[in-house]
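Residue-level listing of the chains:
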Amino acid sequence: MKIEEFLEEWNNDSPYVEVKTSGSTGQPKLMLVEKQRMLASARITCDFLGLKSGDSALLCMSLDYIAGKMMVIRSLERGLRLITVEPSGHPLNNCQFSIANSQLDFAAMVPMQVYNSLQVPEEKERLKQILHLIIGGGAIDAAMEKELRGFPNAVWSTYGMTETLSHIALRRISSAEASEWYTPFDTVKLSTTDEGCLVVDAPEVCADILTTNDIVELKPDGRFRVLGRKDNVICSGGIKIQIEEVERQLKPYFRVPYLLTKRHDHKFGEVAVLLTEGSVDEARQICEIRLPKFYQPKDYIHVETIPLTETGKPARKIAEQLASK
């Protein structure tokens, strides 16, 4: 979608805008969201970050998804000067502005865009100069977070989903203020289910109370950290294996993309299966050395490409289908 098309939709008589979910836990779907709630979300984020009229904002993500649409709405709501570049893996390469003469006050990117920018010295320098950089749409791995911690300006990890019109909490990952705990916006109330899943009550941006599949640790002051997803738990022979936790443990030892998934098993109920773009034998050796025996995959499968969604998240359902074959 081009920005002109989105603005035409925004300015029509309908109180709703059509957005597409990311598809990280299944097929992407279309949903209608209220324009007034999008404006409320934009105001809350701009207030939290202290953005003011005239500040510059970079749009470098697709307008097919809520993250890109919300950058436009924040600019409209707060009077930000919106700078647009074609969505790509290198949004700071040959930008349509001079970083020396045009300070970027605000930008939003997915982890893949940040990772690519960190690999190119000129792009990394431009990234450092962004006063407020928010990163969402996927997990930030430990190596990237460590590198971003030394950035001079504010870098934030976001927590949210399409239904909450982008994020409802931010976590600082740069400078001395870096933390593993997300801070929710003042208008958001959080709780957990008996299983430890986060429940989000954000009436200004979502009419419904949302029960997520994210297993969290929640502090009395409302701050929380994400431990993993309920649907990313493998129940194998009475042992519960949190997929994201095992993937984090393996991260320092894999040089190629990999993904942990599961499949049905008559004996154990479910078993762990590791997909890798590299050698199956090497993957097995790493897991046998680095993981407790009850966490080790029962099978290893070589794939040409690890399945990802359009927004770069692990496509977990597709991975399960590959493991089942």
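Residues numbered from 1 in each chain as written. Predicted model: local features only at pLDDT ≥ 70, side-chain atom pairs only at ≥ 80, totals over all residues. Heavy atoms only, no water.

A. Spotlight on the pairing of strand β6 (residues 132–135). Along β6, one buried face is formed by H132 and I134 and the opposite face, lined by L133 and I135, is buried too. Sheet topology note: the strand β5 (residues 106–109)/β6 ladder contains 4 bridges and is parallel. Each residue of the ladder has a partner; that of A108, found in β6, is I134. The pairing of β6 with strand β7 (residues 154–161) spans 4 bridges and is parallel. Bridging across to β7, L133 finds its partner in V155. (Buried < 20%, exposed > 50% of the residue type's maximum accessible area, 1.4 Å probe, protein only. Helix = DSSP H or I, 4+ residues; strand = E, 2+ residues; numbered from the N terminus. Pairing = 2+ DSSP bridges.)

B. Examining the nonpolar core more closely. Among the nonpolar cores identified, the biggest contains 65 residues, and M38, L58, M109, L127, L148 and I168 are the most heavily contacted of them. In this structure L127 touches L92, M109, V114, S117, L118, L133 and F151, once residues within four positions along its chain are discounted. In this structure, I241, Y258, L260 and C287 belong to the second largest nonpolar core, which totals 16 residues. (Core = buried A, V, L, I, M, F, W, Y, C linked by side-chain atoms within 4.5 Å. Contact = heavy atoms within 4.5 Å.)

C. Local environment of the environment of P203. By the secondary structure assignment, P203 is in the loop between β11 (197–201) and β12 (210–218). Taking C-alpha positions, P203 is 28 Å from A178, a pair spaced 25 residues apart along the chain.

D. Here's a closer look at the sheet that holds strand β9 (residues 183–184). Strand order in the open sheet formed by 7 strands is β4-β3-β5-β6-β7-β8-β9, and the pairing between neighbours is mixed. With partners counted over all chains shown, the strands left at the sheet margins are β4 (81–84) and β9, one partner each.

E. View of the pattern of salt bridges. A complete count under the given rule lists 21 salt bridges for this structure. The shortest N-O distance in the salt bridge between R172 and E177 comes to 3.3 Å. A salt bridge links R248 to E245, with the nearest nitrogen and oxygen atoms 3.1 Å apart. Taken as a pair, R248 and E245 lie in helix α7 (residues 243–250) at a separation of 3 residues, close to a single helical turn. (Salt bridge = Lys/Arg side-chain N within 4 Å of Asp/Glu carboxyl O.)

F. Quick look at the environment of L250. In this structure, L250 sits in helix α7. Classification of L250 as buried rests on a relative accessible area of 1%. Spatially, the C-alpha atom of L250 lies 9.7 Å from that of A283, the residues being 33 residues apart in sequence. Beyond its immediate stretch of four places on either side in the chain, L250 contacts Y258, L274, I286, C287 and L291.

G. Structural context of the packing of helix α4 (residues 111–118) against helix α5 (residues 121–128). The interhelical angle for the contact between α4 and α5, taken along N-to-C directions, is 120°, at an axis separation of 6 Å. For the element pair α4 / α5, the angle class is oblique. Contact with α4, carried on its side by V114, N116, S117 and L118, involves E123, K124 and L127 of α5 and no other residues of that element. A breakdown of the residues in the contact of α4 with α5 according to their chemical character gives 3 nonpolar, 2 polar and 2 charged. (Axes fitted to C-alpha atoms, helices over the stretch in contact; angles between N-to-C directions. Parallel < 35°, antiparallel > 145°, perpendicular 65-115°, else oblique. Nonpolar A, V, L, I, M, F, W, Y, C, P; charged D, E, K, R; others polar.)

H. Here's a closer look at the packing of helix α1 (residues 3–10) against helix α3 (residues 66–78). Viewed as axis vectors pointing N to C, α1 and α3 meet at an angle of 65°, and their least axial separation amounts to 11 Å. Note on packing geometry: the crossing formed by α1 with α3 is right-handed. Every residue of α3 that contacts α1 at I3, F6, L7, E9 and W10 is listed here: K69, V72, I73 and L76. For the contact of α1 with α3, the class distribution of residues is 7 nonpolar, no polar and 2 charged. (Left-handed = near helix turned anticlockwise from the far one by under 90°.)

I. Inspection of a negative patch on the surface at higher detail. A cluster of like negative charges, contributed by E4, E5, E8 and D64, occupies part of the molecular surface. Of note, E8 is situated in helix α1. (Patch = residues over 30% accessible without salt bridge, like charges linked within 9 Å, V, L, I, M, F, W, Y side chains within 5 Å. Areas by Shrake-Rupley, 256 points an atom, 1.4 Å probe, with all protein chains shown as cover. Lys, Arg positive; Asp, Glu negative; His and termini not counted. Charge placed at Lys NZ, Arg CZ, Asp CG, Glu CD.)

J. The sheet that holds β11, seen in detail. What the 4 strands build is an open sheet, ordered β10-β11-β12-β13; its pairing is antiparallel. The strands lining the two open edges of the sheet, one partner per strand, are β10 (189–192) and β13 (224–229). Adjacent strand axes in the sheet meet at a mean angle of 50°, parallel and antiparallel pairs treated alike. Bridge count for β12 against β13 is 5 bridges, and the pairing is antiparallel. Residue V216 lies in a different strand from β13, and its bridge partner there is V226.

K. Unusual backbone geometry, seen in detail. Even without being a glycine, L165 presents a positive backbone phi close to 55°. With respect to the helices and strands, the residue L165 is situated in the loop between β7 and β8 (166–172). Unusually for a residue other than glycine, S166 sits at a positive phi of about 85°. Topologically, S166 is positioned in strand β8.

L. Quick peek at the packing of aromatic side chains. All chains considered together, the criterion is met by 8 aromatic pairs. Summarising the aromatic geometry, the rings of F294 and Y295 are spaced 4.9 Å apart at their centres and angled 85° between planes, so their arrangement reads as edge-to-face. Overall, the relative accessible area of 18% leaves Y295 in the buried class. One aromatic cluster is present, built from ring pairs that chain together F48, W156 and F185. (Phe/Tyr/Trp six-rings, centres within 6.5 Å; stacked < 30°, edge-to-face > 60°.)

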